[in-house]
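# What the coordinates show
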Amino acid sequence: MQSAFLQRRAFFRLCAACSAFLTRPLSRPAKAAPHDAPQTNRSAVKNRQNYVAIQVKPYAWIDEGIGQLLDNIQQKGAVNTVWAYTYDFSEARMTRDGSIPLPDHGVPGSPSFVGGAFYDYDPKYFGNTILKDFRAPDYGKFNVIADVAPKVKARGMDFFCWDYNNAVPSMNRSIPNFPKVTEIDVYGRRTTSPCFNHPDYRAHLSGKIESLLSGYASLVDGIAWGCERMGPFQNMIGGGWSTSGISCFCEHCRAKAQARGVSVQRAQQGYRQLDSLFRAAAKDQRPVDGYFVTVWRLLLEYPEILSWEKLWSDSYHEVRSEMYAIGKSIAPAKPFGFHIMQNMSFSPFYQAEEDYAQIKDYSDYLKLATYNNAAGPRMAAYLDRLSATIFHDATPKDFLPFYYKIMNYQEGPYDQLHTSGLTADYVARETRRAVAGVAGQTKIYPGIDIDVPTRRTDKRTSPEDVRQSVRAAFGAGADGVVLSREYVEMWLANLSAAGETLREIFAKRPG
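Keep in mind the model is a prediction, meaning the values are calculated, not measured.

Scanning all chains against the criterion turns up 29 salt bridges. Salt-bridge contacts for Asp 185 lead to Arg 189; the nearest nitrogen and oxygen are separated by 2.9 Å. What makes Asp 185 buried here is its relative accessible area of 5%. With its nearest N and O atoms 2.8 Å apart, the salt bridge here joins Arg 433 to Glu 430. Taken together, the residues Arg 433 and Glu 430, both in helix 18 (residues 424–438) and three residues apart, mark about one turn of the helix. For Arg 433, a relative accessible area of 26% gives the class partly exposed. Several salt bridges converge on common partners, so that one network encompasses Arg 202, Lys 256, Glu 318 and Glu 322.

Before going further, it helps to spend a moment on the packing of aromatic side chains. The geometry of an aromatic ring pair is captured by two quantities: the separation of the ring centres and the angle between the planes. In the structure shown here, the tally under the stated rule is 37 aromatic pairs. With centroids separated by 6.0 Å and ring planes inclined at 80 degrees, the aromatic side chains of Tyr 85 and Tyr 164 adopt a geometry described as edge-to-face. One end of the pair, Tyr 85, is in strand 2 (residues 81–88); the other, Tyr 164, is in strand 4 (residues 158–164), and 79 residues separate them in sequence. Here the aromatic rings of Phe 474 and Phe 506 are separated by 5.6 Å at their centres, their planes lie at 90 degrees, and the arrangement is edge-to-face. Linking Phe 474 in helix 19 (residues 463–475) with Phe 506 in helix 20 (residues 492–507), this pair joins segments that are 32 residues apart in sequence. Considered together, Phe 474 and Phe 506 belong to a single accessibility category, that of buried residues. Members of the aromatic cluster, joined through ring pairs, are Tyr 51, Trp 83, Tyr 85, Phe 160, Trp 162, Tyr 164, Tyr 365 and Tyr 445.

Where a protein is soluble and globular, its nonpolar side chains tend to be buried together. Counting 146 residues, the largest nonpolar core has Trp 61, Ile 145, Trp 225, Tyr 403 and Leu 483 as the members making the most contacts within it. Considering every element that reaches this core, the biggest residue donor is helix 11 (residues 304–330), with nine residues. Formed by eleven residues, the second largest nonpolar core is a distinct cluster that contains Ala 53, Tyr 85, Trp 162 and Tyr 164.

Here Ser 484 and Arg 485 are connected by a cis peptide whose omega angle stands at 0 degrees. The backbone phi angle of Asn 177 is positive, close to 75 degrees, even though this residue is not glycine. Summarising the element assignment, Asn 177 is placed in the loop between helix 5 (171–174) and strand 5 (182–184). Classification of Asn 177 as partly exposed rests on a relative accessible area of 29%. Positive phi outside glycine occurs at Ala 439, with the angle close to 50 degrees. By the element assignment, Ala 439 lies in the loop between helix 18 and strand 10 (443–449).

Here we take up the confidence of the model for the protein chain. Of all residues in the protein chain, 92% have pLDDT values of 70 or greater, and the mean over the chain is 92. Overall, residues 1–8 carries pLDDT values under 50, and its contacts beyond four positions in sequence, including any with other chains, amount to nine contacts. Across residues 16–35 the pLDDT falls below 50, and counting only partners more than four positions away or on other chains, this stretch makes 19 contacts in the model.

Definitions and cut-offs
- Residues numbered from 1 in each chain as written.
- Predicted model: local features only at pLDDT ≥ 70, side-chain atom pairs only at ≥ 80, totals over all residues.
- Heavy atoms only, no water.
- Salt bridge = Lys/Arg side-chain N within 4 Å of Asp/Glu carboxyl O.
- Buried < 20%, exposed > 50% of the residue type's maximum accessible area, 1.4 Å probe, protein only.
- Helix = DSSP H or I, 4+ residues; strand = E, 2+ residues; numbered from the N terminus.
- Phe/Tyr/Trp six-rings, centres within 6.5 Å; stacked < 30°, edge-to-face > 60°.
- Core = buried A, V, L, I, M, F, W, Y, C linked by side-chain atoms within 4.5 Å.
- pLDDT = per-residue confidence, 0-100.
- Contact = heavy atoms within 4.5 Å.

Have a look at this one:
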């Protein structure tokens, strides 16, 4: 077994070497292909028909009991696939009287949550990384795979590992050596976000995939991989999904830039000037030619700004491709897919980087964060951020009609977004766009908004909202849905509305 394990490691290194070869600078500019993955026989993947998944936080199994929780999601929500968090650092529990109220199940939370891996893993999978000690201390010896998966499968349901890799600041305290792999910003400061080009972080990510698929081969039916991150330029204009720091300028990113012929010094100069401009915008210190003209002038003067953004984006594609290749080499029949964060539907700039036509090459399915009720406040926040930076010459009300045309939306006025949310038509349009983008190669599972948190004064989910969103998703060609965001946030009447609608839809389908 150890010999086979080492052989597989060698195979992964070969894949990485091939990827590096394919992305080397050429004598003439060529389209980058950082996400190239070994060819996979998609027909071998065992995709469930009428796919209905739900995301479940680790503490929910403890609070409500595994049997009761499974009864609720299966009987009320028509769920046939559980996305169980196997790696989580953000508990985000609700309280009875908090800004996000606890629904009609579960218990109020505790601030003592630490997080980490909620399963036991063999250290051999992390022998080549300094990030090897990350078992969650919460809930005693609870192992979400060993304790939950057998009961899920006994009901005829599938168990997917939800490997969620957001950059949570507490990871710097919880995981030994984690600060050593974090990004370095344009001013030379460490951030709290791990660098995708750091070899130890990459080995940590790949070790998790191996530990899940090889360590629990008989219990794990698939992998759901997620990470809501963006590059330096997107961080500056990206709204609520921004991570801290104009980064990364660590030694690994610098070496990658130099291999591409991109000047590190000029990239730093350009980003610092752009940062100064946006800081001036925060004080309404308008430059002579206005904000947008000045931004465009900086991009012309320092093309390295976008080159560095491209470097970050390519690295993100590369990491996901690498995780997919590892998963397919171990378990080619098990679905391996990705969560696509909601900024993909709000930002024309982010859409240009997160291209479905690229992602389809290394994914069996995509879960879209098409949360239409929460989308109203979230879109408003994104428009506010654009108005505070690149479009500071105007207010969101000024450019909203043009923005809707760019995004192909037909939604309400800016001052009603918080209270109205977005319509089910938004779900349909984003689903159709994704279906067209993957050209039949990848399954599309829109995320159905069931009480995704908003402020008490913002749009809240109703059963009819859920019904309309489910119908819109399948009417637009979805292959399945993921009830979202989390089971722990959902009111049972809204979960039941999803289940009733899904059963109606499936009853009319052949076979």
